[in-house]
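Here is how the chains run, residue by residue.
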Amino acid sequence: MHIPAKFPLQLPLLLLTASLFPSLHALEYSASPAQPCAYRLKESASGIAADTSNAARLGTIVAGNAQPKLVSSQFKFTEGPAVDKQGNIFFTDQPNDKIWKYGTDGKLTLFLDKTGRSNGLYFDAQGNLLACADAQNELWSISPAGKVTVLLRDVQQHKLNGPNDLWINPKNGGIYFTDPYYQRSYWTRQSPDIEGQKVYYLAKGKTEPIVVDEQVQQPNGIVGSPDGKYLYVADIKANKTYRYQISADGKLTNRQLFVPQGSDGMTLDSQGNLYLTGKGVMVYTPQGQKLAHIDIPAAWTANLCFGGKDRKTLFITASESVFTLPMKVKGVE
């Protein structure tokens, strides 16, 4: 290391600290006209040292020493949680073709039976619950009273593979959705009607979506930033998650590999951390660095979202169960 001839008296102490405790700190030097020789102990983007224990890292986002709390294991396979304006969470039990509500009062109630085998869910600005209903490979809008309107049936007269997950851009109401192909036991067809597994964009008021990424193997989880500028898409087969910039016309640009991990579902918190699912929950910083892993006592963790009146409850769908986890950070959906 090159050290300038003139340096603060504190530098030897910093160097000694860094040498004695290399796992705690990294030394960073910066120079400016105001501070010609400024040294400081560098922290990671999350505010803690890069190799701090997982428990310590969890402590930056999870409330106290909280652990995932089982709400119920009465389901067959849970998916697609979405939060309404009041903080209530709606999720699917897809094999049983039902949508359930987990209220801010902690009670479970059945919202809708016969849901078109709904998978991913998301609320629009009007309070309608949008659903990836893959029984007939459609996008649905479900009113608060349970009335169904089919938003999309096909693409250029071809059946979609099976819409899986979706996100609505809060700035313009446009819908992004993933369309992987998973052969379902309740389908009569045995092969796709269209070529490829793609990411689509359906502009508000339009009836025909456009392809915004076809260079993916099997897109699944999807979420966007609350400012409507960035979109994250998980390619679960390629085991990668990408980040895109969203153009004014809804098209995606500047695709970048965000992390070398795929995901079933995903969500963001108020600090910009991205939560991916699969074997538990892996949390990444806005820079794509591993922040923490949340263990979930289930064979597969499918999806998650933030809910509750203060949006500080992480709601997790995992195989036949659903869990909650109190958080320090808030959701942004």
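Residues numbered from 1 in each chain as written. Predicted model: local features only at pLDDT ≥ 70, side-chain atom pairs only at ≥ 80, totals over all residues. Heavy atoms only, no water.

Draft legend 1. Representation of the environment of Asn88 in the model. Within the fold, Asn88 resides in the loop between strand S4 (78–83) and strand S5 (89–93). Distance in space between the C-alpha atoms of Asn88 and Lys101 is 6.9 Å, their sequence separation being 13 residues. When residues no more than four places from it in sequence are discounted, the contact partners of Asn88 are Ala82, Val83, Lys101, Tyr102, Gly103 and Thr104. A polar contact of 3.0 Å, which involves the side chain of Asn88, links it to the backbone nitrogen of Thr104. (Helix = DSSP H or I, 4+ residues; strand = E, 2+ residues; numbered from the N terminus. Contact = heavy atoms within 4.5 Å. Polar contact = N/O pair within 3.5 Å; in protein donor to acceptor, adjacent residues only side chain to side chain.)

Draft legend 2. View of the nonpolar core. Membership of the largest hydrophobic core comes to 38 residues, with the highest contact counts inside it found for Trp167, Tyr176, Leu231 and Leu274. Residues in contact with Trp167, not counting those within four places in the same chain, are Tyr122, Gly174, Ile175, Tyr176, Ile222, Val223, Gly224, Ser225, Gly228, Leu231 and Ile246. (Core = buried A, V, L, I, M, F, W, Y, C linked by side-chain atoms within 4.5 Å. Buried < 20%, exposed > 50% of the residue type's maximum accessible area, 1.4 Å probe, protein only.)

Draft legend 3. The side chain of Gln218, seen in detail. Within the secondary structure layout, Gln218 lies in the loop between strand S17 (210–213) and strand S18 (219–224). Here Gln218 is in contact with Pro180, Tyr181, Tyr182, Gln197, Ala234, Asp235, Ile236 and Lys237, once residues within four sequence places are set aside.

Draft legend 4. Quick peek at the packing of aromatic side chains. A complete count under the given rule lists 13 aromatic pairs for this structure. Relative to Phe315, the ring of Tyr102 has its centre 5.3 Å away and its plane inclined at 35°; by these criteria the two rings are tilted. Of this pair, Tyr102 sits in strand S6 (residues 98–102) while Phe315 sits in strand S27 (residues 313–318), and the two are 213 residues apart along the sequence. Phe315 matches Tyr102 in its accessibility class, with the two residues each being buried. Taking 4.5 Å as the distance between ring centres and 35° as the angle between the ring planes, the aromatic pair formed by Tyr176 and Tyr201 counts as tilted. Here Tyr176 is found in strand S15 (residues 175–179), whereas its partner Tyr201 is found in strand S16 (residues 198–202), with 25 residues between them in sequence. Members of the aromatic cluster, joined through ring pairs, are Phe75, Phe91, Trp100, Tyr102 and Phe315. For Arg255, the ring lying beneath its charged end belongs to Tyr242, and the centroid distance is 3.9 Å. (Phe/Tyr/Trp six-rings, centres within 6.5 Å; stacked < 30°, edge-to-face > 60°. Lys NZ or Arg CZ within 6 Å of the ring centre and 35° of its normal.)

Draft legend 5. The arrangement of the environment of Asn128 in detail. Here Asn128 lies in the loop between strand S8 (118–123) and strand S9 (129–133). The buried category is assigned to Asn128, whose relative accessible area is 18%. Expressed as a C-alpha distance, the spacing of Asn128 and Asp84, which sit 44 residues apart in the sequence, is 8.9 Å.

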